[in-house]
Structure formats: C-alpha cells, structure tokens
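Coordinate analysis (summary)
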Amino acid sequence: MVTLRKKKVKGAEIPTGSMADIAFLLLLFFLVATTIDVDTGIGLTLPEYQEQQDLVPLSKDRMAALLINENGDVLLNGEVIAIPQIKDNLKERITSKIDLPKKKKLVVSVKTDRRTNYNLYIMALDQVKGAFYEVRDEYALSKYGKKFKDLTVDQAKDVKEKIPIIISIAEPEKIK
Amino acid sequence: MKFEKKRASVKQEIPTASMPDIVFMLLLFFMVTTTLREVDIMVQFQLPEAKAIEKIENKRLISYIWVGNDGRIQLNDNLVKIKDIQKLMYAKRVALPNVIVSLRIDKNSEMGVVTDIQQALRKADARRINYSTMLKE
C-alpha cells in the first residue's frame with residue numbers, strides 16, 4: 001500500500017512588509033476625506049412664544065437698548081455709537097451691577113430692522129457677548145485668581161449668578 | 001593614536017513589525033472620532049465672524065438651518081419655505097426635546113429672514129439656537 005505522506009508546506013506566509021504602507025494610505029485617505037467642521041457660534045435662547053404679549057416694566061437703568069437700523073447705524077440707549085465701542089460701554093454697566101440682587105441685573109435688548117444686514121447684527125451681538133464674558137473673566141480673576149473657564153463647577157455657578165447673561169431679542173415690529 | 005569606532009554589539013534596527021498595528025490604531029481613532037457629513041448643502045453661504053463664540057458640546061443635538069446668499073432656506077436635508085419650518089421643527093423637537101438649532105446664515109442676508117425663522121422656531125418651541133460663526137482672528 002502506498003503511504004500517503006503529507007506534503008510539507010514550505011513557508012506559506014503573506015508578506016506583511018507593505019502592510020504599513022497600505023495602512024498609511026488608508027489613514028491618509030480618511031484624513032483628507034473627513035471634514036472636521038467645528039460648530040462654533042453665538043448661543044442664545046429665544047423667549048417663549050406667547051399669543052398675548054405681556055409687557056414687563058423694566059426700569060431705565062437696568063436696560064441697555066441696542067438698536068441697529070438698516071443703514072448700519074447703531075443706537076445704544078438712544079445715542080449713536082460705533083459697534084466696537086459697545087463692549088466697553090456695556091462692561092462698565094455690567095460691572096457696576098455685580099453686587100446688585102438678581103432682579104436688578106443688566107438686560108441687553110437687541111433690536112433690528114427687517115432690512116438690517118445680518119453681519120452687523122452678529123457683530124453687535126458679538127460685542128454684547130464679549131462684554132459679558134470679559135466681565136466674568138475679570139470677576140473670576142479678582143475673586144478666585146483664575147479665568148472663568150478654569151473655575152470649578154461651584155465657582156462658575158457663583159460667577160454665573162453674579163453676572164448672568166441676559167440678552168433679549170426684541171419682538172420685531174410689524175411689517176409696514 | 002588610533003581611534004577606533006565604537007560599535008554597539010546589539011542590532012541597530014528599529015523593529016517595524018508592529019508598525020501596521022500602530023497605524024491601524026490611528027486609523028480606527030480617526031474613523032471613530034470624525035463624523036461624516038450626512039447632508040448635502042444645497043445653498044451657498046459665507047458665515048460671519050465673531051470673537052466671543054462658544055462651542056456646541058453635543059453634536060447629536062444639533063439641527064441645522066442654512067440660509068444661502070440667494071435667500072433659499074435649507075433645513076437639515078431639503079430646501080424649505082419659511083412657513084414649513086414651524087411644523088418640521090416641532091416634529092424634531094418632539095423627537096429630541098433639547099434640540100439646538102444651529103443657524104448657518106450667509107453674512108449678507110437681511111434680518112427679515114432671520115427674524116422670520118426665529119419666530120417660527122419660537123412657535124415650534126425649539127428655543128435653543130446658535131448663530132454659527134467663524135472665529136475672527
């Protein structure tokens with residue numbers, strides 16, 4: 001009888017030398033093909049919608065009314081102002097209200113015309129937000145010796161309570 | 001005096017056998033962390049720039065509204081009219097209660113359309129919004 005002998009396999013290996021190159025190619029493809037779009041922007045919470053507008057009276061010194069008309073003129077409390085000046089102007093007022101109770105903090109109201117340029121609106125809103133952030137930073141620095149973003153949760157809560165960001169997007173006027 | 005070059009007796013090679021593994025790890029990391037864009041943007045727009053911006057932490061909560069330079073509005077993956085926004089966003093809001101609406105509006109738009117969208121969003125009770133902007137250098 002013939003004995004069946006198993007054939008000895010000689011070196012059946014897949015060459016892996018170029019594996020790294022292939023993997024690098026794949027990696028490069030993914031790096032190039034994926035777009036990491038960061039979602040950054042100015043966050044805001046809109047007011048609740050109500051059929052009947054109930055007007056809440058606000059005292060004059062709590063209020064900072066920002067008005068941007070279609071020609072790009074900006075009014076802050078009735079006075080013409082350049083957009084880059086808004087921040088310093090508001091900072092002063094926010095700082096002076098840090099120690100006041102919650103009901104007396106500054107309310108910034110932003111109002112635009114229907115034909116106002118969106119870019120201008122964002123620029124103005126940026127200034128307003130910037131003012132709040134800078135006051136928060138300054139306050140955090142003086143009280144805790146750290147910037148606002150480095151504070152612990154409790155400290156941040158305290159600062160947020162002292163300097164709440166209240167921005168009101170005014171109800172648009174009816175179309176004429 | 002004769003200098004003799006010192007030569008180490010050990011092998012002078014970097015072992016490259018585990019290189020593919022390392023690269024595959026990197027590859028996997030990138031594949032997992034990057035979110036592929038799932039919608040086609042059908043409008044052209046250029047975002048405004050701002051300094052005091054914040055990052056939206058949770059990407060899964062975001063719903064997008066684009067407004068192009070020709071005034072067309074795109075909500076998630078199709079073009080819509082202003083009057084449809086309320087209904088669509090309300091459905092979205094029911095499905096995802098704390099939805100954040102990211103408004104990607106062309107910087108040359110007029111506030112009229114922005115206001116209309118905002119009113120629609122208020123009526124749909126999707127009140128957390130974010131004006132998408134680029135970082136001003």
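Before going into details, it helps to say that this report is about the structure given with it. (Residues numbered from 1 in each chain as written. Chains lettered and ligands numbered in written order. Predicted model: local features only at pLDDT ≥ 70, side-chain atom pairs only at ≥ 80, totals over all residues.)

Things to note about the overall build of chain A
Regarding its fold elements, chain A presents four helices and six strands. Order of helices (α) and strands (β) in chain A, N terminus to C terminus: α-β-β-β-β-α-β-α-α-β. Burial status across chain A gives 21% buried among its 176 residues. At a minimum sequence separation of 6, the contacts of chain A that also span at least 24 residues come to 67%. (Helix = DSSP H or I, 4+ residues; strand = E, 2+ residues; numbered from the N terminus. Buried ≥ 20, exposed ≤ 12 C-beta atoms within 10 Å, placed from the backbone. Contact = placed C-beta atoms within 7 Å.)

Some points on the sheet that holds strand S5 (residues 107–112) of chain A
Residue and element names in this part refer to chain A. The sheet built from five strands is open, its strands ordered S4-S3-S2-S5-S6 with mixed pairing. In this open sheet, the two strands that pair with only one neighbour each are strand S4 (79–81) and strand S6 (167–169). This sheet shows a mean twist of 25° between the axes of neighbouring strands, independent of strand direction. (Pairing = 2+ DSSP bridges. Axes fitted to C-alpha atoms, helices over the stretch in contact; angles between N-to-C directions.)

Focus: the environment of Gln74 of chain B
All names here are of chain B. Position of Gln74 among the secondary structure elements: in strand S4 (residues 73–75). On the basis of neighbour count, Gln74 is assigned to the buried category, with 20 C-beta atoms found within 10 Å. In sequence terms Gln74 and Arg104 are 30 residues apart; their C-alpha atoms lie 9.7 Å from each other. Non-local contacts of Gln74, meaning those with residues more than four positions away in its chain, are made with Ile41, Met42, Val43, Trp66 and Leu79.

A few points about the sheet that holds strand S3 (residues 62–67) of chain B
Strand order in the open sheet formed by seven strands is S2(B)-S1(A)-S7(B)-S6(B)-S3(B)-S4(B)-S5(B), with mixed pairing between adjacent strands. Every other strand in the sheet has two partners, leaving strand S2 (54–55) and strand S5 (78–80) of chain B as the edge strands with one partner each. Looking at chain direction, S4 of chain B and S5 of chain B are connected through three bridges and run antiparallel. Across the sheet, Leu75 of chain B pairs through a bridge with Asn78 of chain B, a residue of S5 of chain B.

Description of the pairing of strand S2 (residues 63–68) of chain A
All names here are of chain A. The alternating pattern of S2 places Ala64, Leu66 and Ile68 on a buried face and Met63, Ala65 and Leu67 on a face that is not buried. Note: S2 against S5, six bridges, orientation parallel. Pairing of Met63 across the sheet is with Val107, part of S5. Both S2 and strand S3 (residues 74–76) contribute to a ladder of three bridges, which runs antiparallel. Each residue of the ladder has a partner; that of Leu66, found in S3, is Leu76. Where S2 folds back on S3, the antiparallel hairpin that results is connected by five residues, among which Gly72 adopts a positive phi of roughly 85°.

A word on the nonpolar core
Core analysis: the largest hydrophobic core is formed by 50 residues, its most contacted members being Tyr121, Ile122, Ala124 and Val128 of chain A together with Ile65, Val101 and Leu121 of chain B. With 13 residues, the single largest contributor to this core is helix H3 (residues 118–144) of chain A. Excluding its chain neighbours within four sequence positions, the residues that come into contact with Val128 of chain A are Leu66, Ile86, Leu90, Val108, Val110 and Ile167 of chain A. (Core = buried A, V, L, I, M, F, W, Y, C linked by C-beta atoms within 7 Å.)

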